[in-house]
Amino acid sequence: MSKPSPEVYEQGRGMDAHNQVMREIRARTDETYDPREPTRVWIDEDNTPDGVYDSLTIILNTGGCRWARAGGCTMCGYVAESVEGGSVAHEDLMAQVEACLDHEDANADSLSGDVAGQVKIYTSGSFLDEREVPAETRAAIAETFADRDRIVVESLPDFVEREKIADFTDRGITTDVAIGLETATDRIRHDCVNKYVTFADFEDACAEAMAADAAAPEDVAAGIKAYLLMKPPFVSEGEAIGDMVSSIERCAAVEGCHTVSMNPCNVQRHTMVADLYHDDGYRPPWLWSVAAVLERTADVDVIAVSDPVGHGSDRGPHNCGECDDRVQRAIKDFDLRQDPAVFDQVSCECERTWELVVDRERSYTMPLVR
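This text gives an overview of the structure that appears in the document.

Scoring rules and cut-offs
Residues numbered from 1 in each chain as written. Predicted model: local features only at pLDDT ≥ 70, side-chain atom pairs only at ≥ 80, totals over all residues. Heavy atoms only, no water. Helix = DSSP H or I, 4+ residues; strand = E, 2+ residues; numbered from the N terminus. Buried < 20%, exposed > 50% of the residue type's maximum accessible area, 1.4 Å probe, protein only. Contact = heavy atoms within 4.5 Å. Pairing = 2+ DSSP bridges. 1 Å grid on protein atoms, 1.4 Å probe; cavity = no way out; pocket = protein on both sides within 12 Å on 5 of 7 lines; lining within 4 Å. Points joined across faces, edges and corners; volume = space filled by probe spheres on them. Nonpolar A, V, L, I, M, F, W, Y, C, P; charged D, E, K, R; others polar. Axes fitted to C-alpha atoms, helices over the stretch in contact; angles between N-to-C directions. Phe/Tyr/Trp six-rings, centres within 6.5 Å; stacked < 30°, edge-to-face > 60°. Lys NZ or Arg CZ within 6 Å of the ring centre and 35° of its normal.

1. Digging into the environment of Arg162
Along the chain, Arg162 turns up in helix α5 (residues 162-169). Owing to a relative accessible area of 37%, Arg162 belongs among the partly exposed residues under this scheme. Ignoring any residue separated from it by four or fewer positions in sequence, one finds Arg162 in contact with Glu208, Ala211 and Ala212.

Next up, the structure:
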């Protein structure tokens, strides 16, 4: 992996204590990864402003998130899967892209057309950070996928610039930048997630996307997809629900942000959340909480979706174990249809326990129920 180390990047942000702990946790692993192999690749479906698309989802293996190498977010273990040395050569990154195209070709029978209409590219960091993905590689990837309708690339707001987005829109690809905002509440993001980004930074990135949109060719658009984190550490179940509802509403009010993806926190290796979890100090959110937030924000003028990774496991968002798959299916159905009535079709006795947790759990006594 790319070893965590303090950098100038963290200085003056008032987050040194969390970062020191995170560096110590991340340093426990010595796994290595092939720079010519992507971290993951799969095909799924996504709801977009232009309808539901087949999506080729790619996680490129880069040198890792710049912020994570300084310490980083309390819940994110992705830097532990990054390549040693802090950078990956252009040729190796393009070899990863070719491997992903081979995967798509091998699974073409799952597509509605010859290729996926949308491509989503993540790096477990910032695709638009040129220390992770050089400008040469960004341009080559844009050319590779010039036959697609839409592309999503991931970035911290620092690196979102209209000129970088133009690499894709100028080739006729509608482009969304996925930003890990985590929450619209600066205090929770700073103190619980240990992320330096502010909501004002997010608004600035949306403005850059709107500028790219205005300059794009006809029938090509640019926008922002906000990623939120449901229930970071030190936040109770009830607080997490309220924070997600208000965060979706605030994101929807920012011009340029058309989609919000709410990610329920899961327990990843080599993170502060994992240490808390093993010491009985953290429980991932209930799936009922995910459903409650989506139901309460269904009338907000934004596409709100959720993909509960690891659902039904102790380390992922879960209910009692008996109803987890049914609630997960309802959430996925909502993602595609945006109809809160899907949640009327699922129920379980454990809802009463969940309601008790939401009412009575406090941060200083959590988790009330494992």
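2. So, unusual backbone geometry
In the Ramachandran plot, Asp219 falls in the positive-phi region, its phi being about 70 degrees despite a non-glycine side chain. As for its placement among the helices and strands, Asp219 is situated in the loop between α7 (199-215) and β6 (222-230). With a relative accessible area of 74%, Asp219 lands in the exposed category. One non-glycine residue, His270, lies in positive phi territory at about 60 degrees. Following the sequence through the fold, His270 ends up in the loop between β7 (257-264) and α9 (272-278).

3. Some points on the pairing of strand β8 (residues 303-306)
By the alternation rule, side chains of β8 split into Ile303 and Val305 and Ala304 and Ser306, which are all buried. The pairing of β7 with β8 spans 4 bridges and is parallel. Directly across from Ser261, in β8, lies its bridge partner Val305.

4. A few points about empty space enclosed by the protein
On inspection of all chains with the given rule, the structure shows 2 cavities of 30 Å³ or more. The calculated volume of the largest cavity comes to roughly 50 Å³. Secondary-structure elements contributing two or more residues to the lining of the largest cavity are β1 (40-48), β4 (150-154) and β7. Of the residues forming the lining of the largest cavity, the biggest block, 3 residues, is contributed by β1. Of the residues that constitute the lining of the largest cavity, the class distribution is 2 nonpolar, 5 polar and 4 charged. Within this model, the second largest cavity holds a volume of roughly 40 Å³. A breakdown of the residues in the lining of the second largest cavity according to their chemical character gives 3 nonpolar, 7 polar and 1 charged.

5. A few points about the sheet that holds strand β2 (residues 51-59)
What the 8 strands build is an open sheet, ordered β1-β2-β3-β4-β5-β6-β7-β8; its pairing is mixed. Strands with a single pairing partner mark the edges of an open sheet, and in this sheet they are β1 and β8. Adjacent strand axes in the sheet meet at a mean angle of 25 degrees, parallel and antiparallel pairs treated alike. Inspection of the sheet shows strand β5 (residues 174-182) paired to β6 by 7 bridges, in the parallel sense. Counted as the bridge partner of Gly180 is Tyr227 from β6.

6. A short note on the packing of aromatic side chains
All chains considered together, the criterion is met by 5 aromatic pairs. Between Tyr122 and Tyr227, the ring centres sit 6.2 Å apart and the planes meet at 80 degrees, which makes this aromatic pair edge-to-face. Linking Tyr122 in strand β3 (residues 118-122) with Tyr227 in strand β6, this pair joins segments that are 105 residues apart in sequence. Given the relative accessible area of 12%, Tyr122 is considered buried. In this arrangement the basic side chain of Lys231 is found over the ring face of Tyr282, its NZ or CZ atom lying 5.8 Å from the centre. The ring of Phe199 has Arg250 sitting right over it, with the charged end atom 4.2 Å from the ring centre.

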